[in-house]
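# Examining the three-dimensional arrangement
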Amino acid sequence: MRLANKVAVITGAGSGFGEGMARRFAREGAAVVVNDINRDGGLRVANAIQQDGGRAVYVRADIAQAADTKAMIAAAVKEFG
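Keep in mind it's a predicted model, so treat the numbers as computed, not measured.

### Some remarks on the packing of helix H1 (residues 16–27) against helix H2 (residues 39–51)
Interhelical geometry of H1 versus H2 gives an angle of 20° and a closest axis separation of 10 Å. By the angle between their directions, the pair H1 and H2 is classed as roughly parallel. In the crossing of H1 with H2, the sense of the turn from one axis to the other is right-handed. Side by side, H1 and H2 meet where Glu19, Ala22, Arg23 and Ala26 of the first sit next to Arg44, Val45, Ala48 and Ile49 of the second. Classifying every residue of the contact of H1 with H2 by side-chain character gives five nonpolar, no polar and three charged.

### Description of a nonpolar patch on the surface
The grouping of Val7, Val9, Ile73 and Val77 at the surface amounts to a nonpolar patch, some 290 Å² of accessible area in total. Residue assignment for the nonpolar patch shows that the elements contributing at least two residues are strand E1 (7–10) and helix H3 (66–80). Tracing the backbone shows Val7 in strand E1. Under the relative-accessibility criterion, Val7 is labelled partly exposed at 39%.

### A closer look at the nonpolar core
Membership of the largest hydrophobic core comes to 13 residues, with the highest contact counts inside it found for Ile10, Ala22, Val32, Val34, Ile49 and Ala56. Elements supplying a minimum of two residues to this core: E1, H1, strand E2 (31–35), H2 and strand E3 (56–59). It is H2 that contributes the most residues to this core, three residues altogether. Beyond its immediate chain neighbours, meaning those up to four positions away, Val34 contacts Ile10, Ala13, Gly42, Val45, Ala46, Ile49, Ala56, Val57, Tyr58 and Val59. With eight residues, the next largest nonpolar core counts Ala31, Val59, Met72 and Ala76 among its residues.

What counts and what doesn't
- Residues numbered from 1 in each chain as written.
- Predicted model: local features only at pLDDT ≥ 70, side-chain atom pairs only at ≥ 80, totals over all residues.
- Heavy atoms only, no water.
- Axes fitted to C-alpha atoms, helices over the stretch in contact; angles between N-to-C directions.
- Helix = DSSP H or I, 4+ residues; strand = E, 2+ residues; numbered from the N terminus.
- Parallel < 35°, antiparallel > 145°, perpendicular 65-115°, else oblique.
- Left-handed = near helix turned anticlockwise from the far one by under 90°.
- Contact = heavy atoms within 4.5 Å.
- Nonpolar A, V, L, I, M, F, W, Y, C, P; charged D, E, K, R; others polar.
- Patch = residues over 30% accessible without salt bridge, like charges linked within 9 Å, V, L, I, M, F, W, Y side chains within 5 Å.
- Areas by Shrake-Rupley, 256 points an atom, 1.4 Å probe, with all protein chains shown as cover.
- Salt bridge = Lys/Arg side-chain N within 4 Å of Asp/Glu carboxyl O.
- Buried < 20%, exposed > 50% of the residue type's maximum accessible area, 1.4 Å probe, protein only.
- Core = buried A, V, L, I, M, F, W, Y, C linked by side-chain atoms within 4.5 Å.

Quick look at the structure:
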């Protein structure tokens, strides 16, 4: 597992390319912060990663907003260190 003991923050991870990246990073051993403004998609991806044995958390954040981005990183640190 190339990404064991790493944390990845994947934006736009609720669908499409971002979802593929989140799932791949998780398969490679990373703990994944699944970020998307679409709550349903983000939760679906985070839950799928967890069901496959990976570590993931969904964090809703609009990365165009500085406060949202700071809160997302704080959530990543709180969840995964």
